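# Descriptive analysis of the structure
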Amino acid sequence: MKKKNKYYLVGNAHLDPVWQWRWQEGSAEAKATIRSALDRMKEFPEFKFVCSSASVYQWVEEFAPDMFEEMKERIKEGRFIIVGGWHVQPDCNNPSGEGFARQTLYAQRYFHNKFGVTSKVGYNVDSFGHNLMIPQILRKSGMTDYIMMRPSPQEKTMNSDIFKWVSPDGSSVHTYRILDPYCKNFRTMEELEERLEYLDNESATDLESLPIFYGVGNHGGGPTITNITLLEEYKKNHPEKELIYSTVTDFFDDVRANGGEIPEFYDDLQHHAAGCYATVGHVKNGIRRGEASLSAAEAYSVIANKLCGKKVDNAKFEEAWKNILFLHFHDSMGGCSIKEVHDDARYMYGMAENTAAVAENNALQTISWAIDTQDKSKGLPVVIFNPNGFDIEELVSVNKQAKVVRDADGNVVPSQLIYSTTVECYWRYDTLFKAKIPALGYAVYYIDELESDLKAVNDTENSVVKATAYDGFLTANNHKGTVLENDIYRIEFELHTGYIQSFIDKRTGEEIITGRAAVPTVIDENYHDTWSHAKNFFTDVMARFGDAEVTVFENGPVRATVKVVSRYNDSVLTQYFSLEPGSEKLTVKAKVDWHEKRKMLKLAWPMKVTDPKAYYEIPFGVIERPADGEEEPGLMWTSVKGTDAGYALLNDNTYSSSVKDGTIYQTVLRSPIYGDHGGPRSNESEYTDQGRKDFNYAIMPVYDSWAPVIKAARQLNKGATNIIENWHEGKLMDKTYKALDISADNIVLSAIKRSEDGKGLVIRLYETDGKETPVTVSGDVLPAELKVTFTPYSVNTYYLADGTNEWKEVLFSELDME
C-alpha cells in the first residue's frame, strides 16, 4: 500500500444524546460541545468542525439562540460542517423504510430552511450494522458519500477501506470505513504520531490520502486546544505531509479526482452487535407501532381532506415523527442504554402513538359521519377502513353481539361470536366476520344485534375450519394430539409439550415440516453482555418450554383456534393458533410472561424445503443471507425458500431471527443486564425484557413474488379499523370506497401525505421483486394519474402541486432531485 502523505483532519465530537445518560443530560452536553467548537474556531482560523444530527442543532436553537446565530455564520463560512442529514445517528437495520425516509424529510428540510444547505455526506460512525438499501436511501436523501465504522476489520474483512457501496437498484455511494475510533483524543505528539503510523500500516487502500477523526466523544466534547495545537506543530515539523482541516466532502472529492479504481461492494455491512436486535423489545415495538400508525393516520387524513375538506395538520405529525426518529438512535433502538433511557422512551413513543390515534380517529369519524346510513332496515352500520395501499380481506372483531352480519349489498356474511373482555363485565360476546375493504378505502357492513345470551353458540355443522380436542383415540398419524384444520391444512398439537407434531398440506397430502414446530427454545447466555459483542450465533440450547395445556379455544364458520399454554421455570408462554376457511396462513396470537435472566427465547419452525436459502425483509427491500444459523436483523418477516417450496414467518413484534438449513428460529426476546458493557456485575443489576410481552406472528407459503408476503406483513402490523355508526343522513352515498389503485402488484405504497410546504400531495412507493415495472397509480384521492416505470428494487417519491396534473420525482426531503 502507498505511504500516506495527505491527511484530512475531521474534527468532531461523537455526541450520544442518550446512552449511559438520559436525554436531558445529552441535550446539555450538546450546548457545551457546540460552544467548545465555536471557541476553537476563534482560536484557530483554519479549524473546521463536522456535526451530525438535526436534533443537536434544534436543541441549540431552542436553548441558546445567540449561539445558534453564531453557528449560522460559521456554516456560511464553510467551517461548521453539517453531515449526516438525519435527525440522529440511527440504528441502520431496524427502522422501517418509511422511518429512514422521515429521518431525511425532517432533518434535511430543517437544514435547508435554517441554513440554506443540506448534508451531502451520510454519517453513522457508531451504528452497529448497515442494511443494503442504505446507498439508495442516501442518494434519495441528496447524499453521495457515507462514513461508517462498524463492523470493524476484525468483524468483517474487506479488501478496501474506501469502496463504492451499491444497493440492489444500482444506487451507489462512496463509503469510507473508519479504521480508528471515530473520536481520537491524542494528548501528546507521541500519541499523534502513533495514530498516523497506525493509519499508514492498517489502511487497506492504495490511496495516498486518508481522513483522521479526532476529538473527545460519546459524551460530546469535540477537539481540544491540545489536539489542534499538536496538529499545527506536526504540520510545521513535517512539510512533506499535507494536513488539511476537513469538511469530509473534500476527502471524497479527492478520492473521485484521484481517478484510481475504487472497488464495488454489493452486500450489507454486518455484524457488530447481533444481540441488541432482540433486547428491550418494548422500545422497538413502540417504534414500529409509531411508524405504522403515523403513516396510516397521514393517509386517512388525506382521504378525509379529499372527501370532507378536513384540514391536515402536518405540524402535529412532524412532532410525533420526531419522537420516533429520536428513538431510532442506535443505543436506544439497539436496546443497549441504561434502563432510565428506555423508561423515558415509553412516553416518547406513547406521545407519537397518541397523536396518530387522535388524528386517525378524527379523520375516520369525519368520514363515517358523512356516509349516508339512514336506512335502518339493513341493520346497525359498521364502517371498516383499510390503511393499506392494496385491497384486503380481514377478520374484523366488532364490539357487538350480532345474530347476523350483512355486506353493503345485503348478502349474509358468515360470522361467529368470540370471547371478549366484555363477557366478564357485560355478559356479551364480540362478533367476528371477514370483511373485504378496498385500498385506502372503506366498506360498510351491517349487523343485527343479539340480546345478551351466554348460551349463544356458533354454527359449526358445515364449517371447513374446526379444532378437535384429543378424545383418547390415536389420530390418523398414530399420535395423541389435538387437531386444527381448514380446507388446506391439518395441524396436530402434541399433548403435554404443545408443539406442532404434524402440519399437512391437504392438497398434496405431504408434511410441510421436518420435525416438531413452534417449539419454544431457551438459549443460554450466561454472563454475556447487552450487545452480544463477538457472538453472532445463539445455539446453546439449555431447555424447551413444556408441561403444556392444549385446549380448543374456539370453533366457528369464520375461525377455529387451539390454545397452548406452556411453561419453563416461572415463565409462561400462551399461544392461540388459528385457521380461517380457504387461508394458506396459520396465525398465532401470543404472549409470554418471562422471568429468566441471561437467556434468550426462540421459536423453532423446521420447514420442509430443498436446498434452503434464507431471506429477510430490510428497509424497502429484501436480502438473501446464508442459512447458517447466524443471528440476523430483520423487519416484519423472515423466509426460508428452496427449489421446491418456500415459507415466510411474519411478525409484529420481533426484530431478529436466524435460519439454519430449513429451520426458521424466530427470536422473541433476550434478557441481559441493562447497558452491560462487560463491567462488574452487581446484585442490584436489572435485567431487560422481564414480565409480559405480547406478539403476533404467522406462517405462510412463498411463491414467485415477495409482494404477497410484504403485504400480509404490513397488514399484520397495521390492519383495518372499524367504527360502529348509527343511522343518519350523509353526503357520501357509496357504501364501499376505493381511494387508490396501483396497477402492478409488486409496487407497494409506503406513504401518501400532504406535502410539507402545504401546497401539494406526496406519494412514496417501492418495487418488491427486482423487476423493471411500468405502473399506473390512480384513484379518487389523486388529482391526476401517476404513470411511471420503476427500476428493480427502487423506492421513489413523487410530488403533485395543487391545481396541477404533472407529477415530479423528488427527494425524501420533498426537495428537488439534484
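Quick caveat, the model's predicted, so the values are computed rather than measured. (Residues numbered from 1 in each chain as written. Predicted model: local features only at pLDDT ≥ 70, side-chain atom pairs only at ≥ 80, totals over all residues. Heavy atoms only, no water.)

On to helix 3 (residues 65-77). For helix 3, built from 13 residues, the straight-helix expectation of 18 Å at 1.5 Å per residue is met to within 8% by its first-to-last C-alpha distance of 19 Å. Of all the residues in helix 3, the buried ones are Met67, Phe68, Glu70, Met71, Arg74 and Ile75. Within helix 3, the buried residues cover an arc of 160° as seen down the axis, which keeps them to one side. What points out from helix 3, more than 90 degrees from its buried face, is the exposed set Asp66 and Lys76. On its buried face, helix 3 sits against helix 1 (23-43), helix 2 (54-63), strand 3 (80-82) and helix 4 (97-115). (Helix = DSSP H or I, 4+ residues; strand = E, 2+ residues; numbered from the N terminus. Expected span 1.5 Å × (residues − 1). Buried < 20%, exposed > 50% of the residue type's maximum accessible area, 1.4 Å probe, protein only. Arc of directions from axis to C-beta. Contact = heavy atoms within 4.5 Å.)

Turning next to the packing of helix 3 against helix 4. The geometry of helix 3 relative to helix 4 is characterised by a closest axis approach of 11 Å and an angle of 90° between their N-to-C directions. In this view, helix 3 runs roughly perpendicular relative to helix 4, as classed from their interaxial angle. Contacts between helix 3 and helix 4 pair Phe68, Lys72 and Ile75 from the former with Tyr110, Lys114 and Phe115 from the latter. Considered class by class, the residues forming the contact of helix 3 with helix 4 number four nonpolar, no polar and two charged. (Axes fitted to C-alpha atoms, helices over the stretch in contact; angles between N-to-C directions. Parallel < 35°, antiparallel > 145°, perpendicular 65-115°, else oblique. Nonpolar A, V, L, I, M, F, W, Y, C, P; charged D, E, K, R; others polar.)

Attention now goes to the sheet that holds strand 21 (residues 500-505). Across the sheet, which stays open at both edges, the five strands sit in the order 18-19-20-21-22 with antiparallel pairing between neighbours. Each edge of the open sheet carries a strand with a single partner, namely strand 18 (466-468) and strand 22 (510-511). Pairing of strand 19 (residues 481-485) with strand 20 (residues 489-494), which is carried by five bridges, proceeds in the antiparallel orientation. Its bridge partner lying in strand 20, valine 483 is registered against glutamate 492. (Pairing = 2+ DSSP bridges.)

Bringing the confidence of the model for the protein into the picture now. Predicted confidence across the protein gives a mean pLDDT of 95, with 97% of residues reaching 70 or more. Confidence, expressed as mean pLDDT per element, reaches its minimum in the protein at helix 13 (residues 422-426) with 66 and its maximum at strand 42 (residues 760-767) with 99. (pLDDT = per-residue confidence, 0-100.)

Another aspect to go through is the packing of aromatic side chains. Under the definition given, this model contains 34 aromatic pairs. Ring centres 5.0 Å apart and planes at 85° place the aromatic pair tyrosine 489 and phenylalanine 503 in the edge-to-face group. Linking tyrosine 489 in strand 20 with phenylalanine 503 in strand 21, this pair joins segments that are 14 residues apart in sequence. In terms of burial, tyrosine 489 and phenylalanine 503 fall into one category: buried. Here the basic side chain of arginine 195 rests over the ring of tyrosine 198, its NZ or CZ set 4.7 Å away from the ring centre. (Phe/Tyr/Trp six-rings, centres within 6.5 Å; stacked < 30°, edge-to-face > 60°. Lys NZ or Arg CZ within 6 Å of the ring centre and 35° of its normal.)

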